[in-house]
Amino acid sequence: MSTESTPAAPRFDVDRRLLVARLRAVLPPRSLLVDEEDLRPYECDGLTAYRELPLIVALPANEGEAQAVLRICHELRVPVVPRGAATGLSGGAMPHRDGVVVSLAKLKEIVRIDPLARTAVVQPGVRNLAVSEAAAPYKLYYAPDPSSQIACTIGGNVSENSGGVHCLKYGLTVHNVLRVRGLTVEGEVVEFGNAALDAPGYDLLALINGSEGMLALITEVTVKLTPKPELAQVVLASFDDVTKAGNAVADIIAAGIIPAGLEMMDKKATHAVEPYVNAGYDMNAEAILLCESDGTPEEVAEEIGRMKAVLEKSGASEIRVSQSEAERLLFWAGRKAAFPAVGRITPDYLCMDGTIPRKNLARMLIAINEMEARYGLRCANVFHAGDGNLHPLLMYDANQPGQLERATAFGAEILELSVELGGTITGEHGVGVEKINQMCAQFTPLELDAFHRLKAAFDPAGLFNPGKAIPTAARCREYRQTGRPGQGGALSGAVPGTSSNFPDAPRF
């Protein structure tokens, strides 16, 4: 397993002894980690291929303590990396070697639930699933449901604009958040959005969703709650050909049906999942689709009938409908367990996150199969098929020389093909350090210049999560010319300890 950081992060000249002394003055002893054995668990997030030991870890217990930490870091020009539950898969929470990781794990209070307004106000460390559990007595729930929902936190969900298996009908995090309260890099309180459906001025609430910890430190979130449907059922359809399955997804949407969830798994994925969960999947199928309908019993019956008709016409070899809530949850349990299930059959894997138009799903699957042969690596495919969000799981062994490099190149080719097919390099995992090179394929120099300027408007010194998400001109030039990144990463124009080149963003 690689323990090297990516070359993206700029260096900062930090007086560690002074920083520790200043932070100890504002935090309780157990809220400041400085010894290597205590820092080691924070060296990476869910992207374990890249690791970096942080300088210090701070664990504020409230907004006031977080504010004090940021003020000190800003004064001393110290980088800050916000961290939630670290379930992210793009290295967005990977530490900076010269910086402070600010863990929000202690901010885990559900402040209030308003069943009449159908909202919940929560701190960033509240787990995704805990919101739905708290809202259940009111027959409400929080709709976005990432596969990691038992562990991932709302603050991290906002930072990455997380989705889930039900995002097709109910939207991503950005569609389910009304207000975000946070702190600027200087430690000033700032709020985005409000409790109403709209807010005056620019829509900065949408901007903070998916900002990957680069614009503000989140301290409180107001989310929408959704009424629980009276009934939900899942259609499990098997296909003897991945092209038929991919085309069936497009056929369902073309028929005017918007399922509550529409997921796809190929044969490698189902063969990994079935022994792990015993979900009852067809082991002979080349691909399966999970199509959920929810609403009143009458609505569900009508929609299930329409979906079955489309699936039969699209060439499904077998169609089953869940006959109980337990069976419905079991079907979904298999899909949501895909990541840990694959982890049982391979020493390491990379989980990619491209998004393409639904009509190109079959074309992408065929291309991935060709890439498997070329790179000599296996790939299990699980998709949020309804919105074209791919999650290829590239299996490799980091202890075998060259395999991590091949897996990284394999993933890069999938992402760049996603762009060629009219899609994007990420759907919900963010860019972090994993996809920073593919940003050069996705966006023009002028667009990247605009991103730098936006970042500088919030964070002139480039202290929030440096080295992430936005590549510099130099990095992109070398990547376009050679296929290899340059040494200058995101915000590498920053001069440690100064106000750097900002607010004048790097020129292209």
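Here the structure is shown first, and the text comes after it.
Residues numbered from 1 in each chain as written. Predicted model: local features only at pLDDT ≥ 70, side-chain atom pairs only at ≥ 80, totals over all residues. Heavy atoms only, no water.

Enquirer: Residues and numbers for the overall build of the chain, please.
Expert: Looking only at helices and strands, one finds 17 helices and 18 strands in the chain. Across its three principal directions, the C-alpha atoms of the chain cover 65 × 55 × 45 Å. Relative to its full complement of 508 residues, the chain shows a buried share of 57%. Look at the contacts in the chain between residues 6 or more apart in sequence, and 72% of them connect residues 24 or more apart. Carbon and sulfur atoms form 51% of the exposed surface of the chain, whose accessible area is close to 20100 Å². Of the charged side chains in the chain, 49 are positive and 62 negative; the average position of the first set lies 2 Å away from that of the second. (Helix = DSSP H or I, 4+ residues; strand = E, 2+ residues; numbered from the N terminus. Buried < 20%, exposed > 50% of the residue type's maximum accessible area, 1.4 Å probe, protein only. Contact = heavy atoms within 4.5 Å. Areas by Shrake-Rupley, 256 points an atom, 1.4 Å probe, with all protein chains shown as cover. Lys, Arg positive; Asp, Glu negative; His and termini not counted. Charge placed at Lys NZ, Arg CZ, Asp CG, Glu CD.)

Enquirer: Break down the state of the cysteines for me, citing the residues and quoting the values.
Expert: By definition, a disulfide links the sulfur atoms of two cysteine residues through a covalent bond. Per the counting criterion, the structure on display carries 1 disulfide. Of all cysteine sulfurs, the one in Cys351 lies closest to Cys44, which takes part in no disulfide; the gap is 15 Å. Relative accessible area serves as the criterion here: at 13%, Cys44 is assigned to the buried category. Here Cys152 stays unpaired: no disulfide links it, and the sulfur of Cys167, its closest cysteine neighbor, is 13 Å away. Residue class for Cys152 comes out buried when judged on its relative accessible area of 3%. (Disulfide = S-S within 2.5 Å.)

Enquirer: Before we move on, could you go through unusual backbone geometry and cite the residues and values that matter?
Expert: What is expected of a backbone is that most residues other than glycine have negative phi and most peptide bonds are trans. The residue Lys139 is not glycine, and still its phi comes out positive at about 60°. Here Asn278, not a glycine, exhibits a phi torsion of approximately 55°, which is positive. Positionally, Asn278 belongs in the loop between helix 9 (267-277) and strand 14 (287-295). Under the relative-accessibility criterion, Asn278 is labelled exposed at 53%.

Enquirer: Could you give an account of the environment of Val277, naming the residues involved and the relevant values?
Expert: Following the sequence through the fold, Val277 ends up in helix 9. Val277 has contacts with Leu330, Ala333, Gly334 and Ala337, leaving out every residue within four places of it along the chain.

Enquirer: Let's hear about the packing of aromatic side chains: which residues, and what values?
Expert: According to the stated counting rule, one finds 4 aromatic pairs in the structure shown. Plain terms: the ring middles of Tyr141 and Tyr170 are 6.5 Å apart, the flat faces sit at 80° to each other, and that makes the pair edge-to-face. Of the two residues, Tyr141 sits in strand 7 (residues 140-141) while Tyr170 sits in helix 6 (residues 167-170), which places them 29 residues apart along the sequence. This pair shows no difference in class: Tyr141 is buried, exactly as Tyr170 is. (Phe/Tyr/Trp six-rings, centres within 6.5 Å; stacked < 30°, edge-to-face > 60°.)

Enquirer: Mind laying out the pairing of strand 8 (residues 177-183), listing which residues take part and the relevant values?
Expert: Buried residues dominate strand 8, accounting for 6 of its 7 residues. Across 6 bridges, the pairing between strand 8 and strand 10 (residues 217-224) is antiparallel. Each bridged residue has a counterpart across the sheet, and for Gly182 the counterpart in strand 10 is Ile218. Across 5 bridges, the pairing between strand 8 and strand 9 (residues 189-193) is antiparallel. Looking at the pairing, Arg179 lines up with Gly193 of strand 9. (Pairing = 2+ DSSP bridges.)

Enquirer: Which residues make up the sheet that holds strand 2 (residues 56-58), and what are the values?
Expert: In spatial order, the strands read 1-2-4-3; together these 4 strands make up an open sheet with mixed pairing. Both edges of this open sheet fall to strand 1 (32-33) and strand 3 (80-83), since each of them pairs with a single strand only. Relative to strand 2, strand 1 runs antiparallel, the two sharing 2 bridges. Bridging from a neighbouring strand, Leu32 pairs with Ala58 of strand 2. Running at roughly 15° to strand 2, helix 1 (residues 16-24) makes contact with strand 1, strand 2 and strand 4 (100-103) of the sheet. (Axes fitted to C-alpha atoms, helices over the stretch in contact; angles between N-to-C directions.)

Enquirer: Account for the sheet that holds strand 10, with residues named and values stated.
Expert: Ordered by their spatial adjacency, 5 strands build an open sheet running 5-6-10-8-9, and the pairing between neighbours is antiparallel. The open sheet has two edge strands, strand 5 (110-114) and strand 9, and neither has a second partner. Here the average twist between neighbouring strands, direction ignored, is 15°. Here helix 3 (residues 63-76) sits on the sheet in contact with strand 8, strand 9 and strand 10, set at roughly 50° to strand 8.

Enquirer: Which residues make up the packing of helix 8 (residues 242-254) against helix 13 (residues 361-375), and what are the values?
Expert: Between helix 8 and helix 13, the shortest axis-to-axis distance is 7 Å and the interhelical angle comes to 150°. Looking at the two axes, helix 8 sits roughly antiparallel to helix 13. The handedness of the crossing between helix 8 and helix 13 comes out as right-handed. Listed contacts from helix 13 to Val242, Thr243, Gly246, Asn247 and Val249 of helix 8 are Leu361, Ala362, Leu365 and Ile366. Across the contact of helix 8 with helix 13, the residue classes tally to 6 nonpolar, 3 polar and no charged. (Parallel < 35°, antiparallel > 145°, perpendicular 65-115°, else oblique. Left-handed = near helix turned anticlockwise from the far one by under 90°. Nonpolar A, V, L, I, M, F, W, Y, C, P; charged D, E, K, R; others polar.)

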